[in-house]
Amino acid sequence: MATNKQKQNLRFKIVSQRIGKKIRYDGFTSREVEIIKSQKDLERYEKELGNFWTTAPRNSIGAVNWESMTENEIDLFEHINKQKEKAYKKVSKAEDEGYDIDKIMTLFMKLNINSASY
């Protein structure tokens, strides 16, 4: 049975509107919003660093071949690493202040994650 194209397009439109919602910080203090943003930055930088390691040129024994990298690639690595350290320090400071990062992130995800099914 073929799906009606108009109905299918309507479903796509509804799902895309639901996914395209802005990020909400309802019920969080300004400090908790800073913590959430720092945690999201930390996750993003860890992912970028992982991508760097997977695409880095390797030598015959499997180690990263730093000599064959361009200055831009090395600068990118240093930049990502510095940004990751800054984000990590912010998150660590918040944990030292007594904030429960896991609890805050769980509440944030429950508020902002939308499932999509077509």
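Note that the structure is a prediction, hence the values are computed from the model and not measured.

Chemist: Let's hear about the packing of helix 2 (residues 30–55) against helix 4 (residues 101–112): which residues, and what values?
Modeler: Remark: helix 2 packs on helix 4, axes separated minimally by 10 Å, with the N-to-C direction vectors making an angle of 90°. Considering their axes alone, helix 2 and helix 4 lie roughly perpendicular with respect to each other. Note on element contacts: helix 4 touches helix 2 through Ile101, Ile104, Met105, Phe108 and Met109, opposite Glu32, Ile35, Ile36, Gln39, Lys40 and Glu43. A breakdown of the residues in the contact of helix 2 with helix 4 according to their chemical character gives 7 nonpolar, 1 polar and 3 charged.

Chemist: Could you give me a rundown of the packing of aromatic side chains, with the residues and numbers involved?
Modeler: What the rule picks out here adds up to 7 aromatic pairs. Aromatic pair Tyr25 and Phe108: ring centres 5.6 Å apart, planes at 20°, arrangement stacked. On the criterion of sequence distance, the pair formed by Tyr25 in the loop between helix 1 (5–19) and helix 2 and Phe108 in helix 4 is long-range, its members being 83 residues apart. One aromatic cluster is present, built from ring pairs that chain together Phe52, Trp53, Trp66 and Phe77.

Chemist: Help me get a handle on the packing of helix 2 against helix 3 (residues 71–96), residues and values and all.
Modeler: Remark: helix 2 packs on helix 3, axes separated minimally by 8 Å, with the N-to-C direction vectors making an angle of 150°. In this structure, helix 2 meets helix 3 at a crossing whose hand is left-handed. When helix 2 is examined against helix 3, the residues Arg31, Ile35, Ser38, Gln39, Asp41, Leu42, Tyr45, Glu46, Glu48, Leu49, Phe52 and Trp53 are found in contact with a partner set consisting of Glu73, Phe77, Ile80, Asn81, Gln83, Lys84, Ala87, Tyr88, Lys90, Val91, Lys93 and Ala94.

Chemist: So what's going on with helix 3? Which residues, and what values?
Modeler: With 26 residues, helix 3 should reach 38 Å at 1.5 Å per residue; the first-to-last C-alpha distance of 37 Å fits that figure. Along helix 3, the residues classified as buried are Ile74, Phe77, Ile80, Gln83, Ala87, Val91, Ser92 and Ala94. Summarising the contacts, the buried residues of helix 3 are in contact with helix 2 and helix 4. Positioned one or two residues after helix 3, Gly98 has a phi angle of 105°, which is positive.

Chemist: Any chance you could break down the nonpolar core for me, citing the residues and the numbers?
Modeler: Grouped together as the largest cluster of nonpolar side chains are 12 residues: Phe28, Val33, Ile35, Ile36, Leu42, Ala87, Val91, Ala94, Ile101, Ile104, Met105 and Phe108. For this core, the elements supplying multiple residues, two or more each, are helix 2, helix 3 and helix 4. Not counting residues up to four positions away in its chain, the partners in contact with Phe108 are Ile23, Arg24, Tyr25, Phe28, Ile36 and Lys40. Counting 8 residues, the second largest nonpolar core, distinct from the first, contains Ala56, Val64, Phe77 and Ile80.

Cut-offs applied
Residues numbered from 1 in each chain as written. Predicted model: local features only at pLDDT ≥ 70, side-chain atom pairs only at ≥ 80, totals over all residues. Heavy atoms only, no water. Axes fitted to C-alpha atoms, helices over the stretch in contact; angles between N-to-C directions. Helix = DSSP H or I, 4+ residues; strand = E, 2+ residues; numbered from the N terminus. Parallel < 35°, antiparallel > 145°, perpendicular 65-115°, else oblique. Contact = heavy atoms within 4.5 Å. Nonpolar A, V, L, I, M, F, W, Y, C, P; charged D, E, K, R; others polar. Phe/Tyr/Trp six-rings, centres within 6.5 Å; stacked < 30°, edge-to-face > 60°. Left-handed = near helix turned anticlockwise from the far one by under 90°. Expected span 1.5 Å × (residues − 1). Buried < 20%, exposed > 50% of the residue type's maximum accessible area, 1.4 Å probe, protein only. Core = buried A, V, L, I, M, F, W, Y, C linked by side-chain atoms within 4.5 Å.

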